[in-house]
Amino acid sequence: MRRLLLSRAVNAPTTFRAMWLLGSAFRSKSRAFILRTPSLQGDTICNGTHSKKALLSDPQLFDAKFEELVTELTERDLRDPGLADALNRLREVLNYNVPGGKKNRGLSVIGSLRELLPASQLTQDAVQRALTVGWCIEMLQAFFLMADDIMDASVTRRGQPCWYKRDGIGLDAINDSFLVESSIYRLLRRQCRDQPYYVHLLELFNETTFQTEFGQTLDLLTAPPGQIDLNRFTLERYKAIVKYKTAFYSFYLPVASAMYMAGINSEEEHNNAKHILLEMGEFFQIQDDFLDCYGDPAVTGKIGTDIQDNKCSWLVVKALEVMTPEQRSVLEACYGRKDEASVAKVKELYDALQMPTLYHTYEEESYQRLQELISRHAQKLPHSIFLNFARKIYKRNK
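Analysis parameters
Residues numbered from 1 in each chain as written. Predicted model: local features only at pLDDT ≥ 70, side-chain atom pairs only at ≥ 80, totals over all residues. Heavy atoms only, no water. pLDDT = per-residue confidence, 0-100. Contact = heavy atoms within 4.5 Å. Patch = residues over 30% accessible without salt bridge, like charges linked within 9 Å, V, L, I, M, F, W, Y side chains within 5 Å. Areas by Shrake-Rupley, 256 points an atom, 1.4 Å probe, with all protein chains shown as cover. Salt bridge = Lys/Arg side-chain N within 4 Å of Asp/Glu carboxyl O. Helix = DSSP H or I, 4+ residues; strand = E, 2+ residues; numbered from the N terminus. 1 Å grid on protein atoms, 1.4 Å probe; cavity = no way out; pocket = protein on both sides within 12 Å on 5 of 7 lines; lining within 4 Å. Points joined across faces, edges and corners; volume = space filled by probe spheres on them. Nonpolar A, V, L, I, M, F, W, Y, C, P; charged D, E, K, R; others polar.

Novice: I'd like a rundown of the confidence of the model for the protein chain, residues and numbers included.
Specialist: Of all residues in the protein chain, 86% have pLDDT values of 70 or greater, and the mean over the chain is 86. Confidence over residues 1–46 falls short of pLDDT 50; this stretch has 47 contacts with residues more than four positions distant or in other chains. Residue range residues 49–53 is modelled with pLDDT below 50. Its contacts to residues more than four positions away, or to other chains, number seven contacts.

Have a look at this one:
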């Protein structure tokens, strides 16, 4: 049968032949979704949608899913006419705050699920649910950032004014952030309630939110407004802030979600994944701290304010370990100040201490350490899950 199909493809018109070869190529591991249907002759190649459209990549599928979810939340969920203005506001809030990032967290759900399940088990519904869970993680990220921007008095986010900085918004953005968070659980209930992993996802999202808020608490307590105490900026405190504020929701949450969706409930396997992913989260946050000071705002999409905000950042923690008493006096006089002259002096101090060189050395060492952790802890899990994550963040510039 296969020889007959091959013969027909070779002798077919060019367009058909190209399509047949393309389909053959996608039978190897790829980001396209392949569904083998026993009742059909040959393979039916699907893209996770309910129509026979051209094959889409995961990012294209993911982007297409967002508007569908916004419509579900604002038109198909609550239909009380009295809520029309509130639902319009929800649509505006979601469209402005959720889709503008790199989407690495959300895409990692479907990407990880493809590595964990054979193609035969990746039904259209499974793909669609994975895309939904991915967007729930992006909504959680938006919720955190909307609130964080208010607390930090940030000006821009993702290349546009922070939501609370827009005309007519102000502190109403606090309630808007609650709307975004609540949307997560409405979507999970509507699309995953009948799945065996539903409770696992609810507990995971709740626990991760709690952990992240604890990380934010540590961050705020370490650098309260108007109280500059460099003695609080220790590596131990920094690691705790990063672990809870960033690593759990940015790295463990997407992979753990995919693991539960794939039926992997073992505490041992989740702990193994956590070992790797929390280390990766620390690596990511250190990159973020470096880019806050040395990144190009035109590329990163935000203006760095860690120095002005008296943040316990990796740069200041490492600088304190190597600076002279005289340099520390300069840092104490300038760190946490809003004026441009003080910020410039801190950056000059970082340059004098060769912080960029120290950072690039750390980056190489950390990447090697991640490779070792993957080899040691991912005995029963596909290494590709973690390697794909690592490649996305290694030497990033935004």
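There is more to say after this.
Novice: Mind laying out a nonpolar patch on the surface, listing which residues take part and the relevant values?
Specialist: Taken together, the side chains of L171, I174 and F178 make up a nonpolar region of the molecular surface, amounting to roughly 290 Å² of accessible area. Its place among the elements puts F178 in helix α7 (residues 172–192).

Novice: Can you break down empty space enclosed by the protein residue by residue, with the values?
Specialist: One simple way to see leftover space: roll a probe sized like a water molecule over the atoms. Within the structure shown, the criterion is met by two cavities of 30 Å³ or more. Approximately 130 Å³ is the volume found for the largest cavity. As for the largest cavity, its lining consists of 14 residues, of which N97, M146, D149, R157 and W163 are closest to the centre. Sorting elements by how many residues they give to the lining of the largest cavity places helix α6 (residues 124–152) first, with four residues. Tallied by class, the residues present in the lining of the largest cavity amount to eight nonpolar, three polar and three charged. In terms of lining, the second largest cavity is formed by D289, D292, C293, D306, I307, S313, L315, Y335 and Y350. Among the elements that take part in the lining of the second largest cavity, helix α10 (residues 267–294) stands out by supplying three residues, more than any other. By residue class, the composition of the lining of the second largest cavity is five nonpolar, one polar and three charged.

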